[in-house]
Amino acid sequence: MSRRAPKGPPATEMGMVYTLHLDPPLGHARHYTGFGKDLAARLADHERGKGARLTQVQLQRGGTWRLASAEPGTRDREAQLKERGASRLCQICKEEAQADGPEP
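The present account deals with the structure reproduced in this document. (Residues numbered from 1 in each chain as written. Predicted model: local features only at pLDDT ≥ 70, side-chain atom pairs only at ≥ 80, totals over all residues. Heavy atoms only, no water.)

1. As for the packing of aromatic side chains
Think of a pair of aromatic rings as described by two things: how far the centres are apart, and how the planes are tilted against each other in angle.
Okay, step 1: Under the counting rule described, the total for this entry stands at one aromatic pair.
Okay, step 2: An angle of 55 degrees between the planes, with centres 6.2 Å apart, marks the rings of Y18 and Y32 as tilted. Of this pair, Y18 sits in strand β1 (residues 15-26) while Y32 sits in strand β2 (residues 29-36), and the two are 14 residues apart along the sequence.
Okay, step 3: Among the residues examined, Y32 registers a relative accessible area of 13% and is labelled buried. (Phe/Tyr/Trp six-rings, centres within 6.5 Å; stacked < 30°, edge-to-face > 60°. Helix = DSSP H or I, 4+ residues; strand = E, 2+ residues; numbered from the N terminus. Buried < 20%, exposed > 50% of the residue type's maximum accessible area, 1.4 Å probe, protein only.)

2. Here we look at the sheet that holds strand β3 (residues 64-73)
In any sheet, the strands associate via hydrogen bonds between backbone groups, in a parallel or an antiparallel arrangement.
Okay, step 1: With antiparallel pairing, the three strands of this open sheet are ordered in space as β2-β1-β3. The two strands at the open ends of the sheet, each matched to only one other strand, are β2 and β3. Mean inter-strand twist for the sheet, computed between neighbouring axes without regard to direction, equals 20 degrees.
Okay, step 2: Bridge count for β1 against β3 is nine bridges, and the pairing is antiparallel. Paired with D23 across the bridge in β3 is T64.
Okay, step 3: The sheet contacts of helix α3 (residues 75-84) involve β1, β2 and β3, and relative to β2 the element is tilted by about 170 degrees.
Okay, step 4: Packing against the sheet, helix α4 (residues 91-100) makes contact with β1, β2 and β3, and its axis sits at approximately 130 degrees to β3. (Pairing = 2+ DSSP bridges. Axes fitted to C-alpha atoms, helices over the stretch in contact; angles between N-to-C directions. Contact = heavy atoms within 4.5 Å.)

3. So, the pattern of salt bridges
Okay, step 1: A full pass over the atoms with the stated rule returns eight salt bridges.
Okay, step 2: Here E96 and R30 are joined by a salt bridge, their closest N and O atoms 3.8 Å apart. Residue E96 is found in helix α4, and its partner R30 is found in strand β2; the two are separated by 66 residues along the sequence.
Okay, step 3: With relative accessibility at 30%, the residue E96 sits in the partly exposed group.
Okay, step 4: Taking relative accessible area as the criterion, R30 reaches 36% and is therefore assigned partly exposed.
Okay, step 5: Through salt bridges with shared partners, a single network forms among D23, R30, R66 and E96. (Salt bridge = Lys/Arg side-chain N within 4 Å of Asp/Glu carboxyl O.)

4. A closer look at helix α2 (residues 53-60)
One turn of an α-helix holds 3.6 residues; hence residues three or four places apart share an orientation.
Okay, step 1: When α2 is considered as a whole, its buried residues turn out to be T55, V57 and Q58. On an axial view of α2, the arc spanned by its buried residues comes to 160 degrees, and they lie on one face. In this structure, α2 carries R53 and Q60 as exposed residues pointing more than 90 degrees from its buried face.
Okay, step 2: In this fold, the buried residues of α2 make contact with β1, α1 (39-47) and β3.
Okay, step 3: Just past α2, the residue G62 takes up positive phi, approximately 85 degrees. (Arc of directions from axis to C-beta.)

5. A word on the environment of R88
Okay, step 1: One can find R88 in the loop between α3 and α4.
Okay, step 2: Take R88: its relative accessible area is 58%, and that puts it in the exposed class.
Okay, step 3: Here the side chain of R88 touches R84 through a polar contact of 2.5 Å, landing on its backbone oxygen. (Polar contact = N/O pair within 3.5 Å; in protein donor to acceptor, adjacent residues only side chain to side chain.)

As structure tokens, then:
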């Protein structure tokens with residue numbers, strides 16, 4: 001069980017669990033993982049600076065983000081991805097690493 005999972009019964013409200021890839025990284029943060037019942041509306045909130053604090057700061061500093069992944073799930077799945085590191089699953093990071101090639 002996740003350390004971040006709330007105590008009590010499992011979350012049952014379905015929505016979309018998504019990960020944003022930050023361009024450029026914001027300090028140590030390269031990704032943001034969130035949950036929303038309506039993915040398009042939630043992404044629009046981030047674009048307007050009404051989403052998570054991390055994306056607000058990213059906008060203020062002139063950064064952007066790309067949708068790295070989205071899957072149906074609950075808040076428990078969101079917590080699981082946050083704990084286990086959604087960045088390990090980021091297809092954008094994997095593609096960038098392949099394009100850079102192996103380090104000498």
